[in-house]
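Coordinate inspection notes
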Amino acid sequence: LEGRPLGEGAMTAALQTLSRFKRLADSRRVDDIVAVATSAVREAPNGGDFLAAIAEQTGIQARVITGVEEAALIHLAAVHGIDVGADKVVVVDIGGGSTEITLGTAAGVQLAKSFRLGVIRLGERFVTSDPLSGGDERRMVRHIRRELGDYLRGIARSGYSRVITTSGTALALGSLALQ
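Computed from a predicted model, the values in this text were never measured in an experiment.

Moving on to the side chain of Asp136. Within the secondary structure layout, Asp136 lies in helix α6 (residues 134–158). The exposure class assigned to Asp136 is buried, which follows from its relative accessible area of 7%. Not counting the four nearest positions on each side in its chain, Asp136 is found in contact with Phe126, Val127, Thr128 and Ser129.

This is the structure in structure tokens:
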């Protein structure tokens, strides 16, 4: 991560997936396709080239969104998928390059922020051994607390009824907890 170019294999796989989605959308006579790119494309020096390749090869006009836009969209998707009623909830999405944390209701987002704290990014920066050494863990935890501390304290002061997590990372952690 950290401003590295997107890899050829990843771009090829993404283009193949987008092509399949485009064919499916066309077969269903979808009027409008909205495609957005997040952290990896946002930070990659060849992100613009990748967006151009998407348009050229699929006809889809993808656009890069900010971390705050990403957080807000994740929040709205999460509260759409889970009936939260009028409750105030926190939504956490831990990705590879970034983590988004929001506070809001089904009606909208009150707070939204994206942090450069994805699992791949943290692993590359802090992990030097497998299993994780105690020293590496302490350095990583200190960094995460410095980055999130004030924001999470503000969310705690605002109050909320539950926390919803999204992403493959959350699913993997849940599976580990069940084992």
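Now that the structure has been shown, the text picks up again.
What follows deals with the pairing of strand β3 (residues 89–94). Among the six residues of β3, five are classified as buried, and the element is accordingly described as predominantly covered. The pairing of β3 with strand β4 (residues 99–104) spans six bridges and is classified as antiparallel. Directly across from Val89, in β4, lies its bridge partner Gly104. Counting the residues that bridge the hairpin from β3 to β4 gives four residues.

Geometrically, a packed helix pair is captured by the angle between its two axes and the distance between the axes. Their axes nearest at 10 Å, the elements helix α1 (residues 8–27) and helix α3 (residues 47–58) cross at an angle of 35 degrees. For the crossing formed where α1 meets α3, the hand is right-handed. Across the interface between the two elements, Met11, Ala14, Leu15, Leu18, Ser19 and Lys22 from α1 touch Phe50, Ala53, Ile54, Gln57 and Thr58 from α3. Looking at the contact of α1 with α3, its residues break down into seven nonpolar, three polar and one charged.

Below, the discussion takes up the sheet that holds strand β5 (residues 109–115). The four strands are arranged β5-β4-β3-β6 in an open sheet whose pairing can be described as mixed. Taken across any chain shown, the strands that pair with only one partner, and hence form the sheet edges, are β5 and β6 (162–166). Strand-to-strand, the axes of this sheet are offset by a mean angle of 15 degrees, without reference to chain direction. For β4 and β5, the ladder comprises six bridges, and the chain directions are antiparallel. Directly across from Glu100, in β5, lies its bridge partner Ser114. The strands that α6 touches are β3, β4 and β5; relative to β5, the one it contacts most, it runs at about 165 degrees.

This part takes up the packing of aromatic side chains. Counted by the stated rule, this structure contains one aromatic pair. Centroid distance Phe115 to Tyr151: 5.3 Å. Interplanar angle 65 degrees. Geometry classified as edge-to-face. Of this pair, Phe115 sits in strand β5 while Tyr151 sits in helix α6, and the two are 36 residues apart along the sequence. On the basis of relative accessibility, which here comes to 4%, the residue Phe115 falls in the buried class.

Scoring rules and cut-offs
Sequence positions are assigned chain by chain, starting from 1 and proceeding in written order. Local features in this predicted model are restricted to residues whose pLDDT is 70 or higher, and side-chain atom pairs enter the listing and the counts only when it is 80 or higher, whereas totals over whole chains, interfaces and linings include all residues. Calculated side-chain values reflect all of the structure's heavy atoms, with hydrogen atoms and water omitted. Only DSSP runs of H or I covering at least 4 residues are called helices, and only runs of E covering at least 2 are called strands; the numbering of each starts at the N terminus. Think of it in three bands: with a 1.4 Å probe and only protein chains considered, a residue is buried below 20% of the maximum accessible area for its type, exposed above 50%, and partly exposed in between. When checking whether two residues touch, look at their non-hydrogen atoms; a contact exists if any pair is within 4.5 Å. The pairing criterion is simple: DSSP has to find at least two bridges between the two strands. Only the stretch in contact is used when a helix axis is fitted, and all axes are lines through C-alpha atoms; the angle between N-to-C directions ranges over 0 to 180 degrees. Whether a crossing is left-handed or right-handed is set by the direction in which the near helix is turned from the far one by less than a right angle, anticlockwise for left-handed and clockwise for right-handed. Throughout this entry, Asp, Glu, Lys and Arg are counted as charged residues, while Ala, Val, Leu, Ile, Met, Phe, Trp, Tyr, Cys and Pro are counted as nonpolar. The remaining residues, Gly among them, count as polar. Classification of ring pairs rests on two measures: the distance between centres of Phe, Tyr or Trp rings, Trp counted by its six-membered ring, which must be within 6.5 Å, and the angle between planes, read as stacked under 30 degrees, edge-to-face over 60 and tilted in between.

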